[in-house]
Amino acid sequence: MSVARQLYQLQETDLEIADEEGKLEQVVGRLGKNAVVVAAQEKLDAEKKKLEEWQHQQRSLEGEIDDLANKIKASDEQLYSGRIKNPKELSSLQHEVELLKAKCDQLETKDLDIMDRAESVEAGVAALSRELEEITAEWQREQEHLSQEKAALESSLNDLKQQRQVLAAETDSQVLALYDKLRKNKGWAVARVEQGICRGCRISLPSSELQQARSGALVQCGSCSRILYLP
Ligand SMILES: [Zn+2]
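Quick summary incoming for the structure in this document.

Criteria and cut-off values
- Position labels on residues start from 1 in each chain and follow its written sequence.
- Restriction of local features to residues with pLDDT of at least 70 applies here, the model being predicted, together with a cutoff of 80 or more for giving and counting side-chain atom pairs; totals for whole chains, interfaces and linings are based on all residues.
- Water and hydrogen atoms play no part in the side-chain values, which are based on all heavy atoms of the structure.
- If DSSP finds at least two bridges between two strands, the strands pair.
- Each helix is a run of H or I in the DSSP string that is no shorter than four residues. Each strand is a run of E no shorter than two, and both are numbered from the N terminus.
- Expected helix span is taken as 1.5 Å per residue step, with the number of steps being one fewer than the number of residues.
- For this analysis, a polar contact is any N or O atom pair within 3.5 Å, provided that within protein one partner can donate a hydrogen and the other can accept it, and provided that sequence-adjacent residues contribute only side-chain to side-chain pairs.
- Each residue is placed in one exposure class: buried if its accessible area under a 1.4 Å probe, protein chains only, is under 20% of its type's maximum, exposed if it is over 50%, and partly exposed if it falls in between.
- Here a donor is any nitrogen, oxygen or sulfur atom (N, O, S) within 2.8 Å of the metal, with 3.2 Å used for Na, K and Ca; water is not among the atoms considered, so some sites may look incomplete.
- Between 85 and 135 degrees for all angles marks four donors as tetrahedral; over 155 degrees for opposite donors together with 65 to 115 for all other angles marks four donors as square planar and six as octahedral; every other arrangement is irregular.
- Two residues qualify as a contact provided that any one of their heavy atoms is within 4.5 Å of a heavy atom in the partner residue.

A word on the sheet that holds strand 2 (residues 197-198). Pairing in this open sheet of three strands is mixed, and the strands run 2-1-3 from one edge to the other. Strands at the two margins of the open sheet, each flanked by one partner only, are strand 2 and strand 3 (227-229). Two strands pair when backbone bridges link them, and strand 1 (residues 190-194) and strand 2 are joined in this way by two bridges, in the antiparallel orientation. Residue pairing in the sheet places Val193 in a bridge with Cys198 of strand 2.

Spelled out as structure tokens, the structure:
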């Protein structure tokens, strides 16, 4: 195998390694990130808090209604006990009872309204709970898939790196140093030659360079310095 061909293979391996490493980085970046689940949980928590507030309002209102009902009952009893003889006192008590009843009606209407609101928030809580369950299940499936992908990428990277080691070991150390230097400076070190053109810089190569490269010698492009490879 010519040196150029060997280096070209090394480059293909390096490109593949870089590609797989990029994919691995993306997968690792997505592993353990559960922003969607957290957002769904926060939405549910906020709705639950709203429900608690309505329920609290409802309880305190119902306590008020109970108190009023007791007061009305006591006043009613007093009113019909026959103990109060003074007509003025009687009518004032009657008036008081009427006011209490009106107030009680008002609170009961408010209570119904709060019950309605609490019910609709309760339905919201149920819907958000289901949503959270679905999102969590979906997330778990995705995480499982990502874990598998990560394992597959790691295994393939392992193979590629071994392959690279073998190729590098077979290459002369000075040539390898040139390859590494070019790769560092140019991104990639070996350029294919197609129809007499260096694919690294798209310059037409002089026939002397082409001939040398064809003979299997290590030739660098006069323009971009990349190692020329004639497939
Ligand atoms: Zn070139």
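The terminal C-alpha atoms of helix 3 (residues 87-169), which comprises 83 residues, lie 118 Å apart, in line with the 123 Å expected from a rise of 1.5 Å per residue. You can read the cap of helix 3 off the contacts: a side-chain oxygen lies 2.9 Å from the backbone nitrogen of Lys88, and it is on Asn86.

One non-glycine residue, Arg202, lies in the positive phi region at around 60°. By relative accessible area, Arg202 is classed as exposed at 60%.

Here the zinc ion is held by the protein donor atoms Cys198 (SG), Cys201 (SG), Cys221 (SG) and Cys224 (SG), which lie 2.3 to 2.4 Å from it. With four donor atoms in place around the zinc ion and angles of 103 to 114° between them, the coordination shape is tetrahedral.

Attention now goes to the side chain of Gln6. In this fold, Gln6 is placed in helix 1 (residues 3-30). Separated by 3.2 Å, the side chains of Gln6 and Glu170 make a polar contact. Discounting chain neighbours no more than four positions away, the residues touching Gln6 are Met1, Leu167, Glu170 and Thr171.

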